[in-house]
Amino acid sequence: MAPASTAPIEVAPGCLWWPGWLDRAGQEALAEDIRQVLAQAPLFTPRMPRTGKPFSVRMSNCGPLGWVSDQTGYRYQPTHPETGQPWPPFPDVLKRAWRELAREFAGTALAPEACLINWYAPGARMGLHQDRDEQEFRAPVLSLSLGDTALFRVGGAARSDPTRSIRLVSGDALLLSGPSRLAFHGIDRILPDSSTLLRQPGRINLTLRRVRPAEDGEILPI
Ligand code: MD6
Ligand code: FE
């Protein structure tokens, strides 16, 4: 397994980046975990609220809740929008990532509740957005990347704030926490043929989130 978490690069205040958090063997194991998740919870094509325009990215989820988007809006729900089945459980490595990165570096004591799985075929992109459909912004959002390299852009809490771009490589982890929790971010493009990890060209991004507020008795973030 990869060594325990080394010091991250602070891309912006609270935006922490661990290049190569997962080594090759760890990436292969996680890719296999995700194949198994997708066999139970197939990728679906999300659509924009109101217009119904399809996203270029396809999606699925694991964990107790999953993020979905259709003509009626964005929301978290406990079941797959097409199969009606509960989302598969988190693979263990995602729980470990949350403990070692989100808990350790963002101080959250809350458990994650959803992991959004994004599939980027070559040519897919993700417009600048904030992750704000959660009810608990004290917890961070943690991302892991597999497959082809992506140009990731991150700015501030206002859409017009200046942005920085980094290349997210297979195995990288990135945390949006504290002052960056509501930062605008997106994927400008995927670099073709930049990884040999997956069986087809493209990229998987996993984002782990806390959705609901802390329950009575649940430890609060420090
Ligand atoms: C992506 N990432 O890397 C898109 N969201 O494909 C995200 O939208 C994201 O990287 C919240 C926190 C970290 C992220
Ligand atoms: Fe996001």
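Everything that follows concerns the structure shown earlier in this document.
Summarised in this report is the structure supplied together with it. (Residues numbered from 1 in each chain as written. Chains lettered and ligands numbered in written order. Predicted model: local features only at pLDDT ≥ 70, side-chain atom pairs only at ≥ 80, totals over all residues. Heavy atoms only, no water.)

Some details on the overall build of the protein
Going by this rule: Starting at the N terminus, helices and strands are each numbered in turn, a helix being any DSSP run of H or I of at least four residues and a strand any DSSP run of E of at least two. Only the C-alpha atoms count toward the radius of gyration. The rule for a globule is 2.2 Å times the residue count to the power 0.38. Only protein chains enter the accessibility calculation, which uses a 1.4 Å probe; a residue is then buried when its area is under 20% of its type maximum, exposed when over 50%, and partly exposed in between. Note on contacts: a residue pair qualifies if any of its non-hydrogen atoms lie within 4.5 Å across the two residues. Surface accessibility follows the Shrake-Rupley procedure with a 1.4 Å probe radius. Residue values consider only the protein chains on display as shielding.
Each helix and strand in the protein was counted, giving 2 helices and 13 strands. A globule of 222 residues ought to have a C-alpha radius of gyration of about 17 Å, and the protein, at 16 Å, matches this closely. Here the C-alpha coordinates of the protein stretch approximately 40 × 40 × 40 Å along the principal axes. Out of the 222 residues belonging to the protein, those deemed buried represent 52%. Considering only contacts in the protein between residues 6 or more positions apart, those separated by 24 or more positions represent 72%. Of the roughly 10,400 Å² of accessible surface on the protein, a fraction of 53% belongs to carbon and sulfur atoms.

Details of the coordination of the iron ion (ligand 2)
Spelled out, the test is: Each metal site lists N, O and S donors within 2.8 Å (3.2 Å for Na, K and Ca). With water left out of the atoms, a site can look as if it is missing ligands.
Each protein donor to the iron ion (ligand 2) is listed here as His129 (NE2), Asp131 (OD) and His185 (NE2); together their distances run 2.1 to 2.2 Å. You can call Asp131 buried: its relative accessible area is 8%.

Concerning the side chain of Ser143
For the record, the criterion: Polar contact criterion, stated in full: a pair of N or O atoms within 3.5 Å, where within protein one must be able to donate a hydrogen and the other to accept it, and residues adjacent in sequence count only if both atoms are side-chain atoms.
Tracing the sequence through the fold places Ser143 in strand β8 (residues 141-147). You can call Ser143 buried: its relative accessible area is 8%. Within the structure, the side chain of Ser143 is placed 3.4 Å from the side chain of Asn205, a separation counted as a polar contact. Apart from residues no more than four positions distant in its own chain, Ser143 is found in contact with Asp172, Ala173, Leu174, Asn205, Leu206 and Thr207.

Brief notes about the packing of aromatic side chains
A ring pair, where both rings are aromatic, is described by two values, the distance of the centres and the angle of the planes. Put simply, the rule reads: Any Phe, Tyr or Trp ring, taking Trp's six-membered ring, that has another such ring centre within 6.5 Å forms a pair; planes under 30 degrees apart are called stacked, those over 60 apart edge-to-face, and the others tilted. Here, a charge over a ring is recorded when the distance from Lys NZ or Arg CZ to the ring centre is within 6 Å and its angle to the ring normal is within 35 degrees.
Under the criterion given, the structure shown has 4 aromatic pairs. A ring pair is formed by Phe55 and Trp67, whose centres lie 6.4 Å apart and whose planes are at 65°; its orientation type is edge-to-face. Residue Phe55 is located in the loop between α1 (24-40) and β3 (58-62), and its partner Trp67 is located in strand β4 (residues 66-70); the two are separated by 12 residues in the primary sequence. The residues Phe55 and Trp67 share a single accessibility class, namely buried. One aromatic cluster in this structure is built from Phe55, Trp67 and Tyr74. Above the ring of Tyr120, the side-chain terminus of Arg203 is found at 5.1 Å from the ring centroid.

Observations regarding the sheet that holds β8
Note: strands within a sheet are paired through backbone hydrogen bonds, in either parallel or antiparallel orientation. Under the convention used in this document: What makes two strands pair is DSSP finding at least two bridges between them. With axes taken as lines fitted to C-alpha atoms, and helix axes fitted only over the stretch in contact, angles between N-to-C directions fall between 0 and 180 degrees.
Taking strand neighbours across the sheet as the criterion, the 7 strands line up as β1-β2-β11-β8-β13-β6-β3 in an open arrangement whose pairing is antiparallel. The open sheet has two edge strands, β1 (9-12) and β3, and neither has a second partner. For this sheet, the mean angle separating the axes of adjacent strands, direction not counted, is 20°. Direction of pairing for strand β2 (residues 15-18) relative to strand β11 (residues 173-176): antiparallel, over a ladder of 4 bridges. Within β11, the position partnered with Trp18 by the bridge is Ala173. On top of the sheet, α1 reaches β3, β6 (114-120), β8 and β13 (203-209); it is set at about 100° to β8, its chief contact.

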